[in-house]
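As a plain string of letters, each chain reads:
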Amino acid sequence: MRPHQLPATPGRPAPGAIGHNRGVVRPNYAFMPPEGVLVSRLPHFDDTVVRVLAAPVLGARFAQYLLEIEPNGGTPEPFREDGIQHFYYVLSGNGRFAMGEGPEAELRPGSFAYVPPGVAFSLRNTGSEPLRVLGLRKRYEAVGLPQPDPILSHRDEVPVTNHTGMEGRGFQFLLQRGDMRFDFEMNLMWFKPGAYFPDVETHVMEHGLYMLEGQGLYFLGTEWHEIWAGDFIWMGGFCPQQYYPTGFDDAAYLLYKNVNRDVAL
Ligand code: UGY
Ligand code: MN
């Protein structure tokens, strides 16, 4: 019998829980199933619990979060940070987002926002259900170009493309790909059952990967890991990686990738 099939008693840890964990934390990658990531709070978000998914203490050069904002919760007043960019992607729920002097806009699942460094934003839950949002913060690497403009959009506004020539792949580049003002990409990666990477890829760029839909096997370093929707993976630079979707449905993940900048020496 598998551990999840053993009878469980409310209020007691499930049988089979001792030491059993799909998660792994290594020097240049980490895979953390959500059930083990304990919650915290942030002073600039009211009525919000946060799970920190990636942080410099792990080895990442950015920070990534899962925010759960209660109805009427969120930023009590506009929040801004000099030199730091923010990105938000709505997983579930409804809310409102505003940036700088711009008007407030509705948030629904699939809405996303790019906040340039130093720009004030507000993020609030205006619905009756928790607003679940992926958040990301990265220090902007200026190279003498103007900083990017704010973006408030929805994934349905972004075309699905496929530059690989490989059957069953789909890409939505939420930030303008190839625009050198940006120092990172946030990409939705779609996979039909049966599609997989043609090679194990190894590259200087790092990733924060949040599994949105489906399931699969992820190769990290030297091992395969079984993953599914709700899981998070951090991949540091030069972490060997490959994805093999499994199951009957399409799979999708949201992928952070640092790009467009030379190697700091
Ligand atoms: O663009 C990428 O680096 C992408 N193929 N990597 C990944 O999905 N792990
Ligand atoms: Mn990659």
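Residues numbered from 1 in each chain as written. Chains lettered and ligands numbered in written order. Predicted model: local features only at pLDDT ≥ 70, side-chain atom pairs only at ≥ 80, totals over all residues. Heavy atoms only, no water.

1. Quick notes on the sheet that holds strand 16 (residues 223–228)
So, point 1. Taken in spatial order, the three strands make up an open sheet running 16-15-18, and their pairing is antiparallel. The open sheet is flanked by strand 16 and strand 18 (241–246), the only strands paired with a single partner. The average angle at which neighbouring strand axes cross in this sheet is 25°, direction not considered. (Pairing = 2+ DSSP bridges. Helix = DSSP H or I, 4+ residues; strand = E, 2+ residues; numbered from the N terminus. Axes fitted to C-alpha atoms, helices over the stretch in contact; angles between N-to-C directions.)

2. Quick notes on the site of ligand 1
So, point 1. The full set of residues close to ligand 1 is Met 189, Phe 197, Glu 201, His 203, His 207, Tyr 218, Gln 241, Tyr 253, Leu 255 and Lys 257.
So, point 2. In the environment of ligand 1, a nitrogen atom lies 2.7 Å from a nitrogen or oxygen atom belonging to the side chain of Glu 201.
So, point 3. Bound to the protein, ligand 1 loses 89% of the 280 Å² it would expose on its own.
So, point 4. Classifying every residue of the shell around ligand 1 by side-chain character gives five nonpolar, three polar and two charged. (Near = heavy atom within 4 Å. Polar contact = N/O pair within 3.5 Å; in protein donor to acceptor, adjacent residues only side chain to side chain. Areas by Shrake-Rupley, 256 points an atom, 1.4 Å probe, with all protein chains shown as cover. Nonpolar A, V, L, I, M, F, W, Y, C, P; charged D, E, K, R; others polar.)

3. Notes on the sheet that holds strand 13 (residues 184–191)
So, point 1. Pairing is antiparallel in the open sheet, where seven strands are placed in the order 1-2-17-14-19-13-12. Edge positions in the sheet fall to strand 1 (24–26) and strand 12 (169–173), since each has one partner strand and no second. Averaged over neighbouring strand pairs, the angle between their axes works out to 20° when direction is ignored.
So, point 2. Here four bridges tie strand 14 (residues 207–213) to strand 17 (residues 232–235), and the two strands are oriented antiparallel to one another. Across the sheet, residue His 207 finds its bridge partner in strand 17, namely Met 235.

4. Describing the packing of aromatic side chains
So, point 1. Inspection of every chain in the model, using the stated rule, returns 18 aromatic pairs.
So, point 2. Geometrically, the ring pair formed by Phe 87 and Phe 112 is stacked, given 6.0 Å between the ring centres and 20° between the ring planes. Highlighted residues: Phe 87 in strand 5 (residues 84–92) and Phe 112 in strand 8 (residues 111–115), separated in sequence by 25 residues.
So, point 3. Taking the relative accessible area as the measure of exposure, Phe 87 reaches 1% and is therefore buried.
So, point 4. Look at Phe 191 and Tyr 243: their rings are 4.8 Å apart centre to centre, the planes differ by 80°, and that puts the pair in the edge-to-face class. Here the residue Phe 191 occupies a position in strand 13, and Tyr 243 occupies one in strand 18, the gap between them amounting to 52 residues. Accessibility assignment for this pair places Phe 191 and Tyr 243 in one class, buried.
So, point 5. Ring pairing ties together the aromatic residues Phe 62, Tyr 114, Phe 182, Phe 184 and Tyr 256, which thus form one cluster.
So, point 6. The cationic tip of Arg 22 hangs over the ring face of Trp 228; the distance from NZ or CZ to the ring centre is 3.6 Å. (Phe/Tyr/Trp six-rings, centres within 6.5 Å; stacked < 30°, edge-to-face > 60°. Buried < 20%, exposed > 50% of the residue type's maximum accessible area, 1.4 Å probe, protein only. Lys NZ or Arg CZ within 6 Å of the ring centre and 35° of its normal.)

5. Details of the domain arrangement of the protein
So, point 1. Under the domain assignment, the protein is made up of domain 1 (33–152) and domain 2 (157–258).
So, point 2. The distance between the C-alpha centroids of domain 1 and domain 2 comes to 21 Å.
So, point 3. Domain 1 puts 30 residues into the contact, and the matching count from domain 2 is 23 residues.
So, point 4. The interface formed by domain 1 and domain 2 contains two salt bridges.
So, point 5. The residue Arg 181 makes a salt bridge to Asp 149 at a minimum N-O spacing of 3.5 Å.
So, point 6. Here domain 1 is connected to domain 2 by six residue pairs in polar contact (both at pLDDT 80 or more). (Domains from an automatic or database assignment. Contact = heavy atoms within 4.5 Å. Salt bridge = Lys/Arg side-chain N within 4 Å of Asp/Glu carboxyl O.)

6. Focus on the environment of Met 186
So, point 1. In this fold, Met 186 is placed in strand 13.
So, point 2. A relative accessible area of 1% means that Met 186 is categorised as buried.
So, point 3. Spatially, the C-alpha atoms of Met 186 and Pro 245 are 20 Å apart, while their sequence positions differ by 59 residues.
So, point 4. Leaving out residues up to four positions away in the same chain, Met 186 has contacts with Phe 87, Leu 136, Gln 172, Phe 173, Leu 174, Leu 175, Leu 254, Leu 255 and Tyr 256.

7. Topic: the coordination of the manganese ion (ligand 2)
So, point 1. Protein-derived ligands of the manganese ion (ligand 2) are Glu 201 (OE), His 203 (NE2), His 207 (NE2) and Gln 241 (OE1), with the metal-ligand distances lying across 2.0 to 2.4 Å.
So, point 2. Taken together, the six donor atoms coordinating the manganese ion (ligand 2) and their angles of 76 to 173° define a geometry best described as octahedral. (Donors = N, O, S within 2.8 Å, 3.2 Å for Na, K, Ca; no water. Tetrahedral: all angles 85-135°; square planar, octahedral: opposite > 155°, others 65-115°.)

8. Remarks on the pairing of strand 12
So, point 1. Most of strand 12 sits out of view: five of its five residues are buried.
So, point 2. Of the two faces of strand 12, both are covered, the one formed by Arg 169, Phe 171 and Phe 173 as well as the one formed by Gly 170 and Gln 172.
So, point 3. Summarising the sheet, strand 12 and strand 13 pair through five bridges and their orientation is antiparallel. In the sheet register, Gly 170 faces strand 13, and the bridge partner there is Trp 190.

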